[in-house]
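Residue-level listing of the chains:
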Amino acid sequence: MAEVKRVFMVEDDRNFGTVMKAYLEINGFLVTWVKDGMLAFTRFKESEFDICVLDVMLPNVDGFTIARQIKESNPDIPIVFLTAKVMKEDVLEGFRTGADDYITKPFDSEILICKINAILNRHKSSENKENKEIYEIGEAKFNHMLRTIEFRDQFYKLSPKEGDLLMLLCQTENKVLARDTALKQVWGETGYFTTRSMDVYITKLRKYLKDVPNVEIINIHGSGYQLRTSPL
């Protein structure tokens, strides 16, 4: 039997919210619906959820603020904005808060369900990947628990921070690892000196992997880093 996915929905329009809640439930979701932005984060903390669907224009506290509060509490939970705010600045702000998607009203309900399921499937795959102990980086093998890299006759023992940073890069392989995400998860803060320290660690990881074919760690200007393992 498939596990029921729990949706945390924040929407102040009662008519729209009623229809959305019913449609989500028809499609097998368990929905907690909050109508007031002031109450949203408190209600979020009361239960466990698989995904959040947030309006932006809400009474008392806007959806962007709620999303930031949620991400501070649970960085891994997916967030979808469902809103009438269509300005480019609003869309960009939505993604800056960590949203997985930004859907403007009006929209097709079937497409919304497909997008939610796709996000949840990606999230599940990511969770499975996080549970791995050994990662293949091209022809190299990285053991996160032992903090070792093996490639042909080469063997490296990593420091705890090197190991944690490389694991994050492996988990976001061929995607962008945001600089702030790495700093918070490995160093616990995002200050100037920790940023410089991370740059040093990235340089060390590049040195360990420099002989592995079709593998490189590249800078993504203004965003972070990418462990690229596909052929150039």
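What counts, and at which threshold
Residues numbered from 1 in each chain as written. Predicted model: local features only at pLDDT ≥ 70, side-chain atom pairs only at ≥ 80, totals over all residues. Heavy atoms only, no water. Helix = DSSP H or I, 4+ residues; strand = E, 2+ residues; numbered from the N terminus. Buried < 20%, exposed > 50% of the residue type's maximum accessible area, 1.4 Å probe, protein only. Areas by Shrake-Rupley, 256 points an atom, 1.4 Å probe, with all protein chains shown as cover. Lys, Arg positive; Asp, Glu negative; His and termini not counted. Charge placed at Lys NZ, Arg CZ, Asp CG, Glu CD. Pairing = 2+ DSSP bridges. Right-handed = clockwise from strand over helix to strand, strands pointing away. Axes fitted to C-alpha atoms, helices over the stretch in contact; angles between N-to-C directions. Contact = heavy atoms within 4.5 Å. Parallel < 35°, antiparallel > 145°, perpendicular 65-115°, else oblique. Nonpolar A, V, L, I, M, F, W, Y, C, P; charged D, E, K, R; others polar.

Caption draft 1: Inspection of the overall build of the protein chain at higher detail. Along its length, the protein chain carries eight helices and twelve strands. By its C-alpha atoms, the protein chain is 65 × 45 × 35 Å across when sized along the principal axes. In the protein chain, which comprises 232 residues, the share counted as buried stands at 40%. Summed over its atoms, the accessible surface of the protein chain is roughly 13,000 Å², and 51% of this surface lies on carbon and sulfur atoms. In the protein chain, 32 positive and 35 negative side-chain charges are present, and the distance between their average locations comes to 4 Å.

Caption draft 2: Local environment of the pairing of strand 4 (residues 79–83). Counting buried residues in strand 4 gives five out of five residues, a clear majority hidden from the surface. Side chains Ile79, Phe81 and Thr83 project from strand 4 onto one buried face, and the interleaved Val80 and Leu82 project onto a second face that is buried too. As judged from the three bridges shared by strand 3 (residues 51–54) and strand 4, these two strands associate in the parallel manner. Looking across to strand 4, one finds that Leu54 is bridged to Phe81. Tracing the backbone out of strand 3, into helix 3 (residues 63–73) and back to the parallel element strand 4 gives a crossover that is right-handed. Alignment of strand 4 against strand 5 (residues 101–104), held across four bridges, turns out to be parallel. Paired with Leu82 across the bridge in strand 5 is Ile103.

Caption draft 3: Layout of the pairing of strand 1 (residues 6–10). Where burial is concerned, most of strand 1 is hidden: four out of the five residues are buried. By the bridge criterion, five bridges tie strand 1 to strand 2 (residues 30–34) in an arrangement that is parallel. Of the residues in strand 2, the one forming a bridge with Val7 is Val31. Each parallel crossover has a hand, and for strand 1 linked through helix 1 (residues 14–26) to strand 2 it is right-handed. As paired strands, strand 1 and strand 3 are joined by four bridges and run parallel to one another.

Caption draft 4: Quick peek at the sheet that holds strand 7 (residues 140–143). Taken in spatial order, the four strands line up as 6-7-8-9 in an open sheet, and their pairing is antiparallel. The open sheet terminates on both sides in strands that have one partner only, identified here as strand 6 (134–137) and strand 9 (154–157). Adjacent strand axes in the sheet meet at a mean angle of 15 degrees, parallel and antiparallel pairs treated alike. Strand direction decides the pairing type here: strand 6 and strand 7, joined by four bridges, are antiparallel. Along strand 7, the bridge assignment pairs Tyr135 with Phe142. Where helix 6 (residues 160–171) meets the sheet, it contacts strand 6, strand 7, strand 8 (148–151) and strand 9, and its direction lies at approximately 65 degrees from that of strand 6. Across the sheet, helix 8 (residues 192–209) touches strand 6, strand 8 and strand 9, and the angle it forms with strand 9 is around 160 degrees.

Caption draft 5: Representation of the packing of helix 7 (residues 179–187) against helix 8 within the structure. At their nearest, the axes of helix 7 and helix 8 sit 11 Å apart, and the two run at 95 degrees to each other. In terms of orientation, helix 7 lies roughly perpendicular with respect to helix 8. When helix 7 is examined against helix 8, the residues Arg179, Ala182, Leu183 and Trp187 are found in contact with a partner set consisting of Thr194, Thr195, Arg196, Ser197, Met198, Asp199 and Tyr201. Grouping the constituent residues of the contact of helix 7 with helix 8 by class yields five nonpolar, three polar and three charged.

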